Amino acid sequence: SFETGSNNYYRGQALWDSGAGENAWNGGFAYDRDGGFQDDTGYNQAKLFVKNRSELANGVLSFSGSGSWLNQDSAGFITGFEAYKDDDRDRNENPGTFRDAYSVRFSAGWAPTPGAVWTREHRFYVRNSEMDFLQFFLPGDPREKNGQTSLGTQVIGSRNIADDGRLTLGVD
């Protein structure tokens, strides 16, 4: 799909799904851009994901990945008595303020064929994100830079209890 609007706004997205089956895929992509109504403002943003689920003879194997990206030029507050009434209200008193960020995530899962009593699942993941942000709303020029990288695993076991209950235990 595609849409457009004022201030050079554009958005497009595409989704894909292979349907159900022994080897199912789906994915999507979205991009949007906004030119902003104030001087030197606006953003570009993209998001992407892909997933796979494969039914094998001895269990189900799954993979997923996703990512996002943001490039934003921000505007500070306009100042002055009744500034919102000024013809010049689209001025940006803080040009150069911004937020740039990205994130990526990948995961894999393995669910062996359920046993007579317990069902097991193993999940593995890795993720990374970073952000650089000049915070126009604080005095001075405070800049925040942050990010994280992590990886891990989860083991999950579950079983039915009584007629309408389920017990799930897990370790990260």
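Cut-offs used in this document
- Residues numbered from 1 in each chain as written.
- Predicted model: local features only at pLDDT ≥ 70, side-chain atom pairs only at ≥ 80, totals over all residues.
- Heavy atoms only, no water.
- Phe/Tyr/Trp six-rings, centres within 6.5 Å; stacked < 30°, edge-to-face > 60°.
- Lys NZ or Arg CZ within 6 Å of the ring centre and 35° of its normal.
- Helix = DSSP H or I, 4+ residues; strand = E, 2+ residues; numbered from the N terminus.
- Polar contact = N/O pair within 3.5 Å; in protein donor to acceptor, adjacent residues only side chain to side chain.
- Contact = heavy atoms within 4.5 Å.
- pLDDT = per-residue confidence, 0-100.
- Buried < 20%, exposed > 50% of the residue type's maximum accessible area, 1.4 Å probe, protein only.

Trainee: With reference to specific residues and values, describe the packing of aromatic side chains.
Mentor: Tallying each qualifying case throughout the model produces one aromatic pair. Between Arg99 and the ring centre of Phe133, over which it is positioned, the NZ or CZ distance is 4.4 Å.

Trainee: Could you give an account of the side chain of Asn52, with specific residues and numbers?
Mentor: Within the secondary structure layout, Asn52 lies in strand β4 (residues 42-56). Reaching out from Asn52, the side chain makes a polar contact with the side chain of Ser54 at a distance of 3.1 Å. Discounting residues that sit within four places of it in the chain, Asn52 has contacts with Asn23, Ala24, Trp25, Leu61, Ser62 and Phe63.

Trainee: Can you explain the confidence of the model for the protein chain? Please cite residues and give values.
Mentor: Looking at the protein chain as a whole, its pLDDT mean stands at 90, while 100% of the residues score no less than 70. Across the protein chain, the element-wise mean pLDDT spans from 92 in strand β1 (residues 2-5) up to 96 in strand β5 (residues 59-73).

Trainee: Go over the side chain of Ser158, please, and point to the residues and values.
Mentor: Looking at where Ser158 falls in the secondary structure, it is placed in strand β8 (residues 143-161). What makes Ser158 buried here is its relative accessible area of 9%. Within the structure, the side chain of Ser158 is placed 2.8 Å from the side chain of Arg166, a separation counted as a polar contact. With near-sequence residues (within four places) excluded, Ser158 lies in contact with Val117, Trp118, Thr119, Arg166, Leu167 and Thr168.

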